[in-house]
Each structure stands twice: as structure tokens, then as C-alpha cells.
Amino acid sequence: MATLLYRLGRTAFRKRHLVVSIWLIALVALGVAALAFRGPTASNFSIPGTESQQAMDLLQEQFPQASGAGGTIVIAAPEGEQLTTEAGQAAVLQVVAEANEIPDVVGALDPFQTGSVSPDGRYALINVQFADPNDEVSDEAREAYEAVGDPARDAGFQVAHGGEVMTTEPHIGSQEGIGVAIALVVLIITFGSLVAAGMTMLNALIGVGAGMAGLFALSSTINLTSTAPVLALMLGLAVGIDYSLFITSRHRQHMLEGLAPEEAAARAVATAGSAVVFAGATVVIALAGLSVVGIPFLTVMGLAAAGTVSVAVLVAITLQPALLGYAGRRVLHRRRRATEPAEAPTTHENQETFGFRWARLMVKLRIPVIVLGVAGLGVLAIPAADMRIALQDASAAPIGSSERTAADLITEGFGPGFNGRLIMVVAGDSAEATTAAAGQVTGAVQGLDGVLMVAPPQPSQDGRTAILAVIPATGPTEPGTEELVERIRGEIGVLGLAPDTDDASAEVSLTGITAVGIDVSDKLADALPVYLLLVVGLSILLLMLVFRSILVPVKAAAGFLLTVGAAFGITVAVFQWGWFADLVGLDTPRPLISFLPILLIGILFGLAMDYEVFLVSRMREDFVHGDTAVQATINGMGHGARVVIAAALIMISVFGGFVLIEDPIIKSMGFALAIGVLIDAFVVRMTIVPAVMSLLGKAAWWLPRFLSRIMPNVDIEGEQLRARLAARREAELVGAGADRS
């Protein structure tokens, strides 16, 4: 591997004009393709095979007039007044008329005719039905919808717009630019060179630009969810900067050792590039492994992010050495550019840096460090035991947004259950069977605890399908509503009307945001053991190939468990319990989004292995070249600490930038990833790992002989490459001596 990458790096350095031209042409071509073929992103989460999804599919088939996006306009009279007055009715009817004039609207219903007026007469709900699904509603129609009710608002009435049509893709603006700016500052401080920092950032931006353009170019042929591009951008940017950082840092080190720029770049790609390739492969395995869950939107999210990470790896090992060819010695700190190799810092001077001092301290205090580190992370993981997951509803939107205001007004006037209605779908062999089953279910469900009301059945045109709206007494993400879903499904089963009943003349299925959330959680819970086995198993095998060791990969996996447990605990404490929620701009604590746990496990595992590979590969390199196990640990930490700290700070900055976004899903993802990287890099890899490695000693690198014989030697340390280069150098010296003689 190292030899192959050495040749690739040297070729890219020599033919830098060609390499840069190819990447720029590819970037422009992908950008044009993205503009030409970009399709809409989906805001809905489909879960094939679940009861709730089957019910939704049946609704779309039997009630096509309701298959488009829905909106709910809430009107509230001033406190102490009612909408039933002449002025109130006039204001409501004017809003209904305005809504009916919106392009693509099938109809807006008069709340006085549908009975959608609160008992005190102060609140009314206007249901608006669009012709197209939410992902196909035009921007003009959305803007017109949000403008409805301005005259009523001027007259003193409160008007808020909610519903599915208000769900749009997250807006990524200047917030993420803050994270990138911080990352650039970290690069400048790390390198002490604007050229090196700017070149590294440029390389990463080209990579993430190409990856995102390719993703959008495919969005017309794949069902791309609105969160998938955000996740791909988040990871592509973070790993792109980090991977370029590692190669540039090793290149600078080789130049200070006296190597010519071309040779330094080739060896940097051979050694640091090998670590980048294997670290990237681990991330890709973790992300692509999300496809085993069997949930399409998670599969798309994982593969999209894996694609941008793959592009980041490819850019780092090809474009980066080409850019290094343009930089020359300007990649070094200004004071080092004129320094002769003999004047470079000595090994003794190098060992007085922070990294070496920290490593020696961790080795000296290894027992208390391990005990305190593991115990501390265990304490941080305690809140994870109380973790609840659900799909987000409008009540989780930022305070002040129209959808949040609408949800709050609905809660005030009608109760929290109206924000998360449950839908029972009754399908029979005949209209008579459907009517009879609907009557049975209505009577049974109406008497259950936690049910506020059951609306009369609404039959389809042929009468063989009917829908019943169930209004819970509690909100969509509250535990009471989850318990009600289980009770309703249990009652349906008792009546012999469950979807899996073979001999029933009618079947009843339940859907709605809470039901979908429960089905997603159940499916994720079933898939999680398989996912962990696949991802952790493949990654351990990959690390065994890299390090030729049994204990190092196992230690890496154990460190990951500490990281993910603590990350879950802190995320639950902030986003679910509300601790320090104001610091992250969270208005209302809520259960975590359903897919966050498995997504976080996959991403953090890949990123955790990044730092493991970067740090431990240098330890392995020094051990192979004759250092003792303890000294190799100190050397690996000493040489890698500065770069790993910079890489971690960059990732934290990039992920932290997404915390500034108002969307609660993106905010929680960014926070969980940032805190996970913080814990993994600074507590696990920089603190616990050197302590454990020094404790294991030479045993850390033990590998059974039979495995050593059958496992290929990928040569990530460049041992074989160094031997070849030494032999070539010796031959050149012999040839030069013969010529002189």
C-alpha cells in the first residue's frame, strides 16, 4: 500500500498541472450536472414493511384527493373575544377565501362547517389541501400560503400557518461559515503558514464541492431526504480538512528532515496517505453499513455521506500532493523556509514539545488515568439510560416560527393531542364489512384511557376503506401517546382486526406521527445488533490488517464504546432533559430524533477509528523500526499529538457550526458529533490510549503466527518502502562511485 501511494504521490507532484486541471474540470462538470439534474429533496420518512407505512400507502391509494401536502391555518381571536361574532366570522371566511386562491390548492375548508372551532369559540382551524405532495409544492405556492391572513392579522386576529407544507429542507447559511472560519484559524496556528493553511482548506473545499455536486446531480434519480445533503456536507467538510491536514503535516516534517519537496510529498502520501485511506475506509464501512437497517432514508443518508468521504480521501491523496508541488518551501513556517536541514530541530528538541511531555505523563500515571478516564466517561453516560426517541413534530420548531406558533395555538385551543392525531385505516372485503369493523373499533377505542375523541368514519368512494381520526389527550412525543398507540394496537388485536389477521373480513391499521416513530424505533432496535456486528466486525478486521495485532483493534472498539456512551449521555442531558439548553439555542427539550442513535453510532465509530489509525500507526511505525513498545507509544503521541489536536478542533468547529442552525434535527446531530469527537480525541485517544498501550507493552503488537502467515502485509508504516528506497539510494551511491573511478 505504501509503495503504491508513494508512486501516486510522486506522479501527482510531478504532473501537478494535469492533476489540478482534471479536478477543476471534474468540479465544473459535476456542478453543471447538479444544476441540470438536481431534483427535490424529500421531507417524509418512509419505512417499508411497517404497519404505519402500510396504512399510509393505503390512504394514498384509496384517498388520492388527500395525497397532496396538507396545511393548517390557525386563527385566534384577541383574549376575551370569540370568532363566532360577526367580525370574527368575517375574518375567518376571508382567510378561507384567500387560501382557496393559492395556486395548487385543492380546497380550504370552512371551520364553522367542519366543526373545527374550539369550545370557547376563540380558536379555529382551517384545513388546506394541496394537489401536489410536499416535495413538489412550488416556492410560489408556499409563499402565498404563508401570506394568507395578513388582513385578519391587521384587524387584531392572530394567524399562524402550520401543517406538512411548512416542512422544508434545512437552510444552511452563514452559521456553517463560522465553523469553517474557526477551522482555518486552527490551520494557520498549527502550520504557522498562510500558504499551508489556505492550500489545505482549498483542497478540502474542492473535495466537498465535488462530492456535494455529484450528490445533487443524482438527486433526480434517488429519493434524497432533506437531511442527507446536510450530513454529507458536515462529514465531507470535516474529514476533507482533516485528511489534507495529516498529509500536509507529514510533508512538512519530511522537508524539515532534509528531503526535497517532491520526495517529501511522495513519502507523505505513502505514510500519512496510507493512514488516510484506511481511516476513510473505516468511515465508509460504518456509513454504508446503515443500509443493513432496511430503512430507505437511512440508507440514502449513509451512502450519500460515504460518497463525500470517499471523494475527500481521493482528493487528499491526489490533489493535495499536486498543490504541494506549487507551494514549494512556502508550505513551511517563514522562519523555517531558509533553514538548512542540518539546522532543523533535533530529536532531543522535538521531545521537549507538548506531545512528548503529555505522553510521558500518561505513561507514568497510566493506572489512575485509565481508572479515572473510564469512570468519568461512565458517569457521563448515565443519562443515556433515560434516552427517548421519537419523530419531531411542529412543537419542537424554534419559538417564534410560524409552525411553532400554530402548534402552540392548537394546544391552547384544542389540546396537545390535536398536533399529533392518530389515524386508523379500516379496509374490508366489502362496504358492509368495513362499516361494521369501523363501528367495532370506534366503540372499543373511544373507551380507552388517553383518548380525547374519535372522529366519525370517513369512507372512500367504494366504501371498502374508511379512516377514523383518534385525538389523544397528550402530545405526539409524550410517553402517554406512545402508551396509547400500544393500547389501541392491542385492542385491535383483541377484536381480530390486526393487519396480520388472515381470516378477518376487515383489517385495521394505525398510523400517525407517534405510530410511525414507534415503528421506526422498533425496526432500528431490531437492526442495531446486526449493524454493530457488521460495522465493528469489519472494522476490527480492517484494523487487524493495518496494525497486525489482536489487542489494538479490540482496544479501539472498547474506546469507541466509552465515547458513544458519554456522547449519548451528554446529548440526552442537553436535548431531552434541557440542561444548558440555552447555550445551544434549544427552545424546548424533546426526545431525540428516532434515527440519531444509530446514525451517531455509525459516524462516531468511523471518526473514532480515524484518530486511532493516525496515532497508533505512528506508534506501530516506530515499534517496527526498533523502538521499545513504551518508547514507540511516547514517540507516536509526541509526533502526532499536535496534528490530532488540530484535526479534532477542526472537526469540532465544523460540527459545532451546525449547532447554530435552528432546525432541531440538524442541531442535535451537530452537537452529538461535536461532543463525541471532543470526548474521543481528547479523553479516549489522547489520554486513555497511551496509558493502555504502555500498560500492554509488547503484548499490544502480538499476533498469532497462523494469522501472521495468512494475513497480507499492507505495509501502512512504509517499512518495505523504506527498504526499497534505501536499496535504491545505495545503488545510486555505488553507481556514482564507479563513475568517478
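This report concerns the structure included in the present document. Along each chain, residues carry numbers from 1 onward, in the same order as the chain's sequence is written. Per-residue local features are limited, in this predicted model, to residues with pLDDT of at least 70; the limit for side-chain atom pairs, both in listing and counting, is 80 or more; totals at the level of whole chains, interfaces and linings are taken over all residues. The basis for every side-chain value is the complete set of non-hydrogen atoms in the structure, without hydrogens or water.

**As for the overall build of the protein**
For clarity, the cut-off: Every helix listed is a DSSP run of H or I at least four residues long, and every strand listed is a run of E at least two residues long, numbered separately from the N terminus. The buried label applies to any residue whose accessible area, calculated with a 1.4 Å probe on protein chains only, is under 20% of its type's maximum; exposed applies above 50%, and partly exposed to all values in between. Per-residue and other accessible areas were derived by the Shrake-Rupley procedure at a 1.4 Å probe size, with only the shown protein chains allowed to occlude residues. In this tally, Lys and Arg are treated as positive and Asp and Glu as negative; His is ignored, and so are the chain termini. Taken as the charge location is NZ of Lys, CZ of Arg, CG of Asp or CD of Glu.
Secondary structure summary: the protein contains 26 helices and 11 strands in total. Principal-axis analysis of the C-alpha atoms places the extent of the protein at approximately 110 × 50 × 45 Å. With 741 residues in all, the protein has 55% of them scored as buried. When the accessible surface of the protein is split by element, carbon and sulfur atoms take 61% of a total near 30100 Å². Distance between charge centres in the protein, computed from 45 positive and 68 negative side chains, equals 24 Å.

**Things to note about the packing of helix H2 (residues 16-37) against helix H12 (residues 296-327)**
Helix-helix packing is described using two parameters, namely the angle between the two axes and the distance between the axes. Operational definition: What counts as an axis is a line fitted to C-alpha atoms, over the stretch in contact for a helix, and the angles between N-to-C directions run from 0 to 180 degrees. Put simply, angles under 35 degrees are roughly parallel, angles over 145 are roughly antiparallel, angles from 65 to 115 are roughly perpendicular, and the rest are oblique. Rotating anticlockwise by less than a right angle from the far helix to the near helix defines a left-handed crossing, while the corresponding clockwise rotation defines a right-handed one. Two residues qualify as a contact provided that any one of their heavy atoms is within 4.5 Å of a heavy atom in the partner residue. Ten residue types, Ala, Val, Leu, Ile, Met, Phe, Trp, Tyr, Cys and Pro, are classed as nonpolar, four, Asp, Glu, Lys and Arg, as charged, and the remainder, Gly among them, as polar.
With their axes 9 Å apart at the nearest point, H2 and H12 run at an angle of 130 degrees to one another. In terms of orientation, H2 lies oblique with respect to H12. Once H2 is placed against H12, the crossing between them reads as left-handed. Note on element contacts: H12 touches H2 through Leu 314, Val 315, Thr 318, Leu 319, Ala 322, Leu 323, Gly 325 and Tyr 326, opposite Arg 16, His 17, Val 19, Val 20 and Trp 23. In terms of residue class, the contact of H2 with H12 is made up of nine nonpolar, three polar and one charged.

**Points about empty space enclosed by the protein**
Applied cut-off: Cavities and pockets were defined on a 1 Å grid built from protein atoms only: a cavity is a group of points that admits a 1.4 Å probe but offers it no way out, a pocket is an open group of points flanked by protein on both sides within 12 Å along at least five of seven lines, and a lining residue is one with an atom within 4 Å of any such point. Grid points are joined across faces, edges and corners, and a volume is the space filled by probe spheres set on the points.
Applying the stated criterion to the full structure yields three cavities of 30 Å³ or more. Space inside the largest cavity adds up to approximately 100 Å³. Sorting the residues of the lining of the largest cavity by element identifies strand E11 (592-593) and helix H24 (664-696) as the ones contributing at least two each. Along the lines of polarity and charge, the residues of the lining of the largest cavity split into seven nonpolar, three polar and one charged. Taken as a whole, the second largest cavity encloses approximately 40 Å³ of empty space. Lining the second largest cavity are Leu 596, Leu 599, Leu 600, Ile 603, Met 669 and Leu 673. For the lining of the second largest cavity, the secondary structure elements donating two or more residues are helix H22 (596-624) and H24.

**A word on H2**
Here is the rule we go by: How far a helix is expected to stretch is found by multiplying one less than its residue total by 1.5 Å. To obtain the arc, one takes the directions from the helix axis to the C-beta atoms.
Along its 22 residues, H2 runs 31 Å from first to last C-alpha, staying within 8% of the 32 Å computed at 1.5 Å per residue. Of the residues making up H2, those classed as buried are Val 19, Val 20, Trp 23, Ala 33 and Ala 34. One side of H2 carries all its buried residues, which in axial view fall inside an arc of 155 degrees. The outward face of H2, more than 90 degrees from its buried face, is lined by the exposed residues His 17, Ile 25, Val 28, Leu 35 and Ala 36. Where H2 is buried, its residues meet helix H1 (2-14), helix H9 (194-217) and H12.

**Considerations on the sheet that holds strand E3 (residues 123-130)**
Counted only if it meets this: Any two strands between which DSSP finds at least two bridges are classified as paired.
Taken in spatial order, the four strands make up an open sheet running E2-E3-E1-E4, and their pairing is antiparallel. The sheet is open, and its two borders are formed by strand E2 (105-108) and strand E4 (158-163), each paired with just one other strand. For this sheet, the mean inter-axis angle between neighbouring strands, taken without regard to orientation, is 20 degrees. Across six bridges, strand E1 (residues 70-76) lies against E4 in antiparallel orientation. Note that in E4 the partner of Ala 76 across the bridge is Gln 158.

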